[in-house]
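The primary structure of each chain is shown beneath.
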Amino acid sequence: MLVVNGRWVEDGGLCTIVNVYAPNLVALRGDLWEILQALVKQVTTERVCIVGDFNTIREVNERVGRAITSDRNEMARFNNFIEGCDLVEIPLVGRKFTWYRPDGTCKSKLDRLLVNSNWLKKWPDVILKGGR
């Protein structure tokens, strides 16, 4: 996790941007959600953005080619983190999934852009664009 705090030159607004690469192990991701939630609660900047590879899904339809049953608790914990921080997920456009197994048998949406309401007020048309 990389945390950058700064001032947006254009208007002087204070921003925090967090880049995340979540662990592959479910048990360690739970710790990350707690750390991130504590960080967001103590941030004094008005605009918050958390972006990166969260290595988990929010909904069943975000994974194809692998059983979902073991992911339900993880999905709930991840969604609780997002809601507990009052974050909004910016829509991904251009593709539905962000990770693909090389043989094409499995695909998931693991990468996300989460922002707070002040970020959206400043940049209401922000999108996350997937390439390929």
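For the structure, see preceding data.
Residues numbered from 1 in each chain as written. Predicted model: local features only at pLDDT ≥ 70, side-chain atom pairs only at ≥ 80, totals over all residues. Heavy atoms only, no water.

Student: Explain helix α1 (residues 26-42) to me, please; I cannot follow it from the model alone.
Tutor: Taking 1.5 Å per residue as the helical rise, α1 with its 17 residues ought to reach 24 Å, and the 25 Å between its terminal C-alpha atoms agrees with that figure. For α1, the secondary structure elements touched by its buried residues are β1 (2-7), β2 (14-21), β3 (47-53) and α2 (72-84). (Helix = DSSP H or I, 4+ residues; strand = E, 2+ residues; numbered from the N terminus. Expected span 1.5 Å × (residues − 1). Contact = heavy atoms within 4.5 Å.)

Student: What is the right way to look at the packing of aromatic side chains in this model?
Tutor: According to the stated counting rule, one finds eight aromatic pairs in the structure shown. For the pair Phe-54 and Phe-78, a centre-to-centre distance of 5.4 Å together with 45° between the ring planes defines the contact as tilted. Taken together, the residues Phe-54 in the loop between β3 and β4 (63-64) and Phe-78 in helix α2 connect sequence positions 24 residues apart. Both residues of the pair, Phe-54 and Phe-78, belong to the buried class. Both rings, one in Phe-97 and one in Tyr-100, keep their centres 6.4 Å apart while their planes meet at 80°; by these two values the pair is edge-to-face. (Phe/Tyr/Trp six-rings, centres within 6.5 Å; stacked < 30°, edge-to-face > 60°. Buried < 20%, exposed > 50% of the residue type's maximum accessible area, 1.4 Å probe, protein only.)

Student: How do you make sense of the side chain of Glu-62 when you look at a structure like this?
Tutor: Looking at where Glu-62 falls in the secondary structure, it is placed in the loop between β3 and β4. A polar atom in the side chain of Glu-62 sits 2.6 Å from the backbone nitrogen of Arg-58. Those residues in contact with Glu-62, other than ones at most four positions away along the chain, are Ile-57, Phe-97, Lys-107, Ser-108, Lys-109 and Arg-112. (Polar contact = N/O pair within 3.5 Å; in protein donor to acceptor, adjacent residues only side chain to side chain.)

Student: When you look at the pattern of salt bridges in this model, what are you seeing that I'm missing?
Tutor: Oppositely charged side chains are able to pair whenever their charged atoms sit close together. Here the structure, examined in full by the defined rule, presents nine salt bridges. In this structure, Arg-58 and Glu-89 form a salt bridge, with 2.9 Å as the shortest nitrogen-oxygen distance. Remark: Glu-89 occurs in strand β5 (residues 88-89) and Arg-58 occurs in the loop between β3 and β4; sequence separation between them is 31 residues. Arg-58 gets classed as buried once you look at its relative accessible area, which sits at 18%. (Salt bridge = Lys/Arg side-chain N within 4 Å of Asp/Glu carboxyl O.)

Student: Even after reading the chapter, I still don't get the nonpolar core, so can you show me in this structure?
Tutor: In globular proteins that are soluble, nonpolar side chains generally tend to be buried together. Ranked by size, the top nonpolar core spans 17 residues in total, and within it Val-20, Trp-33, Leu-36, Ile-50 and Phe-81 carry the most contacts. Elements that contribute at least two residues to this core include exactly β2, α1, β3 and α2. Grouped together as the second largest cluster of nonpolar side chains are six residues, Cys-49, Ile-90, Leu-113 and Val-115 included. (Core = buried A, V, L, I, M, F, W, Y, C linked by side-chain atoms within 4.5 Å.)

Student: Quick question: what am I supposed to make of the sheet that holds strand β7 (residues 99-100) here?
Tutor: Pairing between the strands of a sheet is mediated by backbone hydrogen bonds and can be parallel or antiparallel. Strand order in the open sheet formed by three strands is β4-β8-β7, and the pairing between neighbours is antiparallel. Looking at strand neighbours, the two that pair on one side only are β4 and β7, the edges of this open sheet. (Pairing = 2+ DSSP bridges.)

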